[in-house]
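# Observations on the model geometry
Chain by chain, the residues run as shown.
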Amino acid sequence: MTASPDGMPSDGTASMLIILARLEGKVDVVTAQHGAQLGEHARRLDDVELRLRAQESRPPTPPETDARLRAVESRPVVTPRAMWAGVGTLGALIIGAVGVLDKLIN
């Protein structure tokens, strides 16, 4: 094995060592990111668990309130978004029909 003037071997060993060092750095970064994601996931699970326990500890709703809520929830509701979507679709259909009728007449 021959050495270059700067003391590094010239047969490709130096480039392999550099590649391995870069690979090791990338693996360290991915491992650290994964550890951070696991920590965040554990924190979120603890938060959800606390909220579930708080919800379970609430007193049950009285039957008359529950019946009123079910009656309100069973009524269909038209949201403004759905209404405007319907109006827009109807307008587009009318404009299209007018265009087709105009072509048929002429």
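Fair warning: this is a prediction, and the values are worked out from it, not measured in the lab.

Turning our attention to the overall build of the protein. Along the backbone of the protein there are three helices and zero strands. Reading the helices (α) and strands (β) of the protein from amino to carboxyl end gives α-α-α. Computed over C-alpha atoms, the radius of gyration of the protein comes to 34 Å, more than 25% over the 13 Å expected from 2.2 N^0.38 for 106 residues, which places it beyond the range of a compact globule. A principal-axis box enclosing the C-alpha atoms of the protein has dimensions of 90 × 70 × 15 Å. Every one of the 106 residues in the protein was classed for burial, and the buried ones make up 1%. For the protein, the computed accessible surface area is about 9,800 Å², with 66% contributed by carbon and sulfur atoms. Treating the 12 positive side-chain charges of the protein as one cloud and the 13 negative ones as another, the clouds have centres 11 Å apart.

Moving on, we get to the confidence of the model for the protein. Close inspection of predicted coordinates is inappropriate in any region flagged by low pLDDT. Overall, the prediction assigns the protein a mean pLDDT of 87, with 91% of residues at 70 or greater. Summarising per-element confidence for the protein, the mean pLDDT is lowest in helix α2 (residues 63-74) (87) and highest in helix α3 (residues 80-105) (94).

Right, let's get into a nonpolar patch on the surface. Nonpolar side chains collect at one region of the surface, where M16, L17, I19, L20, L23 and V27 lie side by side and expose about 570 Å² of accessible area between them. Within the secondary structure, I19 is located in helix α1 (residues 13-57). Residue I19 is classed as partly exposed on the basis of its relative accessible area, which comes to 47%.

Thresholds applied
- Residues numbered from 1 in each chain as written.
- Predicted model: local features only at pLDDT ≥ 70, side-chain atom pairs only at ≥ 80, totals over all residues.
- Heavy atoms only, no water.
- Helix = DSSP H or I, 4+ residues; strand = E, 2+ residues; numbered from the N terminus.
- Rg over C-alpha atoms; globule rule 2.2 N^0.38 Å.
- Buried < 20%, exposed > 50% of the residue type's maximum accessible area, 1.4 Å probe, protein only.
- Areas by Shrake-Rupley, 256 points an atom, 1.4 Å probe, with all protein chains shown as cover.
- Lys, Arg positive; Asp, Glu negative; His and termini not counted.
- Charge placed at Lys NZ, Arg CZ, Asp CG, Glu CD.
- pLDDT = per-residue confidence, 0-100.
- Patch = residues over 30% accessible without salt bridge, like charges linked within 9 Å, V, L, I, M, F, W, Y side chains within 5 Å.
- Salt bridge = Lys/Arg side-chain N within 4 Å of Asp/Glu carboxyl O.

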